[in-house]
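Spelled out from the first residue to the last, the chains are:
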Amino acid sequence: MTTAPARPGPASGIRATARIVAAPDGRGGTALPVLDGAGPFALRRLRAYGPGARVALVGAMSAPLGGDRLTLTAEVEDGAALRFSTTAATIALPGRTGAPATYDTRIRVGDGATLHWLPEPLISARGSDLRSTTRVELAPTARLVLREEQILGRAGEPPGRLSARLTVHRDGRPLFDQELRYGPGAPGWDGGAVLGGHRAVGQLLVVDPAFEDAPVAPRVLGATAVLAPLAGPAAVVSAVAPDGLQLRKALESGDLTADGAMQAI
């Protein structure tokens, strides 16, 4: 979402929701029976180049601002495939009251379904306060590629407060649960044990049943990135970097999506 002209609404912030449902179309492809958004959420259907559907989120107004409550829900039904992206970075900005904003993303992926969740970075601007949560529920044979990137502060400015939690369950069991806090009031966030002076941080998580027969081996991917297998058919690349461009290169250096059906959307 990009910065847009000033919006109407109460000083306490807006409440907005969006929902995506992807389902098999009966002809070997994927339909989008539900594509609904309000407020800052403008969802656009993109041309598909394979059996999966493609959706982009276009920012219709500045968001999230302090006090906003945003919820995005996505469901990929059994056998469907979806690729989600955003047209620009999301910028967390301060509001009028100093209240924090929340951005809650809830995702469910069914059996035999595939989801590529690839938004552009979240930028924590000076003075902002955002609590971001992403919760993913995967069926046993679901496949997932999920990228999260945070940029702490715009050029030449310190970041705002940012709390980001990513939770992934597979077949009802925890697979990945990580919560990170940055900015004023978060102890040690800029120290050597966390960011070490870098301003971009992220992870690329891949879940694929094929990893059960061919587990991913741990690897160091340069000075500030690592590839680590998880306790399940999954692996994650975690990285920090000076800026968003170098972060993206570090996350892609693990080549987790280089083969097979994970490229199919």
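Please refer to the structure placed before this passage.
Here the structure is a predicted model, which means the values were calculated and not measured.

Chemist: Just checking my understanding: could you explain unusual backbone geometry for this structure?
Modeler: The general pattern is negative phi for most residues beyond glycine and trans for most peptide bonds. Looking along the chain, the bond that leaves alanine 63 and enters proline 64 is cis, with omega of 5 degrees. Its identity is not glycine, yet aspartate 171 carries a phi of approximately 55 degrees, on the positive side. In the Ramachandran plot, aspartate 255 falls in the positive-phi region, its phi being about 55 degrees despite a non-glycine side chain. Relative to the elements of secondary structure, aspartate 255 occurs in the segment after helix 1 (244-252). Judged by relative accessible area, aspartate 255 falls into the exposed class, the value being 52%.

Chemist: What should I look at first to understand the sheet that holds strand 13 (residues 161-170) in this one?
Modeler: Within a sheet, neighbouring strands are paired by backbone hydrogen bonds and run either parallel or antiparallel to one another. Strand order across the open sheet formed by seven strands is 2-1-5-8-11-13-14, with mixed pairing between neighbours. Two strands lie at the open edges of the sheet, namely strand 2 (30-37) and strand 14 (173-182), each paired on one side alone. Each adjacent strand pair in this sheet contributes to an overall mean axis angle of 5 degrees, direction not counted. Note: strand 5 (residues 69-76) against strand 8 (residues 101-109), eight bridges, orientation parallel. The partner of threonine 71 across the bridge, within strand 8, is aspartate 104.

Chemist: Would you mind showing me how to read the packing of aromatic side chains here?
Modeler: Pairs of aromatic rings are described using the distance from one ring centre to the other and the angle between the two planes. By the definition in use, this model includes two aromatic pairs. Between phenylalanine 41 and tyrosine 103, the ring centres sit 6.0 Å apart and the planes meet at 80 degrees, which makes this aromatic pair edge-to-face. Taken together, the positions of phenylalanine 41 in strand 3 (residues 41-46) and tyrosine 103 in strand 8 put the pair 62 residues apart, joining distant regions of the chain. Comparing phenylalanine 41 with tyrosine 103 shows no difference in burial state: the two are buried. Each ring, one from phenylalanine 84 and one from tryptophan 117, has its centre 3.9 Å from the other, and the planes form 10 degrees; the classification is stacked. You can see phenylalanine 84 sitting in strand 6 (residues 81-86) and its partner tryptophan 117 sitting in strand 9 (residues 114-118), a full 33 residues away along the chain. The exposure class of tryptophan 117 is buried, given its relative accessible area of 5%.

Chemist: What am I meant to see in the pairing of strand 9 here?
Modeler: On a regular strand, each side chain points to the face opposite its neighbour's, so the side chains alternate between the two faces of the sheet. By the criterion of burial, strand 9 is predominantly enclosed, with five of the five residues buried. The two faces of strand 9 match: Thr114, His116 and Leu118 on one face and Leu115 and Trp117 on the other face are all buried. Bridge analysis of strand 6 against strand 9 gives five bridges, and the strand direction is parallel. Bridging from a neighbouring strand, phenylalanine 84 pairs with tryptophan 117 of strand 9. Direction of pairing for strand 9 relative to strand 12 (residues 143-152): parallel, over a ladder of four bridges. Opposite leucine 115, over in strand 12, you have leucine 144 as the bridge partner.

Chemist: When you look at the environment of glycine 222 in this model, what are you seeing that I'm missing?
Modeler: Counting through the fold element by element, glycine 222 comes out in the loop between strand 16 (219-220) and strand 17 (225-229). Since its relative accessible area comes to 47%, glycine 222 is described here as partly exposed. For the pair glycine 222 and aspartate 208, spaced 14 residues apart in sequence, the C-alpha separation works out to 24 Å.

Chemist: I'm lost on empty space enclosed by the protein in this one. Help?
Modeler: Rolled over the atoms, a probe sized like a water molecule indicates the empty space that remains. Per the stated rule, a full pass over the model turns up two cavities of 30 Å³ or more. Computed from the structure, the largest cavity encloses a volume of approximately 340 Å³. Together, 22 residues line the largest cavity, and Thr105, Pro119, Leu122, Ser132 and Thr134 are the ones closest to its centre. For the lining of the largest cavity, the secondary-structure elements that each account for two or more residues are strand 6, strand 8, strand 11 (129-138), strand 12 and strand 13. At five residues, strand 12 tops the list of elements feeding residues into the lining of the largest cavity.

Chemist: So what exactly am I meant to see when it comes to the side chain of serine 163 here?
Modeler: Take serine 163: it is sitting in strand 13. In this structure serine 163 comes out as buried when scored by relative accessible area, which is 8%. Engagement of the side chain of serine 163 in a polar contact is seen with the side chain of glutamate 179, the distance being 3.5 Å. If near-sequence neighbours (up to four positions away) are discounted, serine 163 is found in contact with Leu130, Arg131, Ser132, Glu179, Leu180 and Arg181.

Thresholds applied
- Residues numbered from 1 in each chain as written.
- Predicted model: local features only at pLDDT ≥ 70, side-chain atom pairs only at ≥ 80, totals over all residues.
- Heavy atoms only, no water.
- Helix = DSSP H or I, 4+ residues; strand = E, 2+ residues; numbered from the N terminus.
- Buried < 20%, exposed > 50% of the residue type's maximum accessible area, 1.4 Å probe, protein only.
- Pairing = 2+ DSSP bridges.
- Axes fitted to C-alpha atoms, helices over the stretch in contact; angles between N-to-C directions.
- Phe/Tyr/Trp six-rings, centres within 6.5 Å; stacked < 30°, edge-to-face > 60°.
- 1 Å grid on protein atoms, 1.4 Å probe; cavity = no way out; pocket = protein on both sides within 12 Å on 5 of 7 lines; lining within 4 Å.
- Points joined across faces, edges and corners; volume = space filled by probe spheres on them.
- Polar contact = N/O pair within 3.5 Å; in protein donor to acceptor, adjacent residues only side chain to side chain.
- Contact = heavy atoms within 4.5 Å.

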